[in-house]
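Breakdown of the fold
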Amino acid sequence: MTQTALIFGSFFGFTAVIFGAFGAHLLKKKITSDQLQSFETGVKYQMYHAIVLLILGFNLEINTSIDTYIINSFILGTLLFSFSIYGLVLSSAKSKKLKFLGPITPLGGLFLVVGWLLLIYKFVV
């Protein structure tokens, strides 16, 4: 599980930089300021959780099931939260909004919250 955390942390960091540049330079002229702000929120949360996954991968002894749940919550939460935002913004920019992605964003946020709560639990117990 340590390797999974490091791989996804690296991938999320790599793609957050690319998506951040894409949003700042290419999307800026094609979407509204509200859409750009939403896109940037996805990038920020992706980068935050990339860093968390890397820290966890390097520092935790990921041998217990709670460690696995923490890592999986952060990975799944980031994928659902950030990538659904990207899909919503990009599809809106092309006037073909993928409305089914709307409910996926809060589900991703819920997984991120669960990951943080499990991390607190791990440190307290």
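Residues numbered from 1 in each chain as written. Predicted model: local features only at pLDDT ≥ 70, side-chain atom pairs only at ≥ 80, totals over all residues. Heavy atoms only, no water.

**Some thoughts on the overall build of the chain**
Helix and strand counts for the chain come out as four helices and zero strands. Listing the helices and strands of the chain from first to last along the sequence gives α-α-α-α. The C-alpha extent of the chain, read off along each of the three principal axes, is 50 × 25 × 20 Å. Across the 125 residues that make up the chain, the buried fraction comes to 38%. (Helix = DSSP H or I, 4+ residues; strand = E, 2+ residues; numbered from the N terminus. Buried < 20%, exposed > 50% of the residue type's maximum accessible area, 1.4 Å probe, protein only.)

**Thoughts on a nonpolar patch on the surface**
On the surface, V113, L117, I120, Y121, V124 and V125 cluster together into a nonpolar patch covering about 640 Å² of accessible area. Here L117 is to be found in helix α4 (residues 104-124). (Patch = residues over 30% accessible without salt bridge, like charges linked within 9 Å, V, L, I, M, F, W, Y side chains within 5 Å. Areas by Shrake-Rupley, 256 points an atom, 1.4 Å probe, with all protein chains shown as cover. Salt bridge = Lys/Arg side-chain N within 4 Å of Asp/Glu carboxyl O.)

**Topic: the environment of F39**
By secondary structure assignment, the location of F39 is in helix α2 (residues 33-59). Judged by relative accessible area, F39 falls into the buried class, the value being 2%. Linking F39 and F19, residues 20 residues apart in sequence, is a C-alpha distance of 8.7 Å. Those residues within four positions of F39 in sequence are excluded, and the remaining contacts are F19, F22, G23, L27, I85, Y86 and V89. (Contact = heavy atoms within 4.5 Å.)

**Description of the side chain of S84**
Position of S84 relative to the elements: it lies in helix α3 (residues 65-93). A distance of 3.0 Å separates a polar side-chain atom of S84 from the backbone oxygen of F81. Not counting chain neighbours up to four residues away, the residues in contact with S84 comprise L79, L101, I104 and T105. (Polar contact = N/O pair within 3.5 Å; in protein donor to acceptor, adjacent residues only side chain to side chain.)

**With respect to the pattern of salt bridges**
In total, this model carries one salt bridge according to the counting rule given. Of the charged contacts in the structure, one is a salt bridge between K122 and D67, with a shortest N-O distance of 2.8 Å. Here D67 lies in helix α3 and K122 lies in helix α4, a separation of 55 residues in the sequence. For K122, a relative accessible area of 24% puts it in the partly exposed group.

These results come straight from atomic positions and should not be treated as a statement about function.
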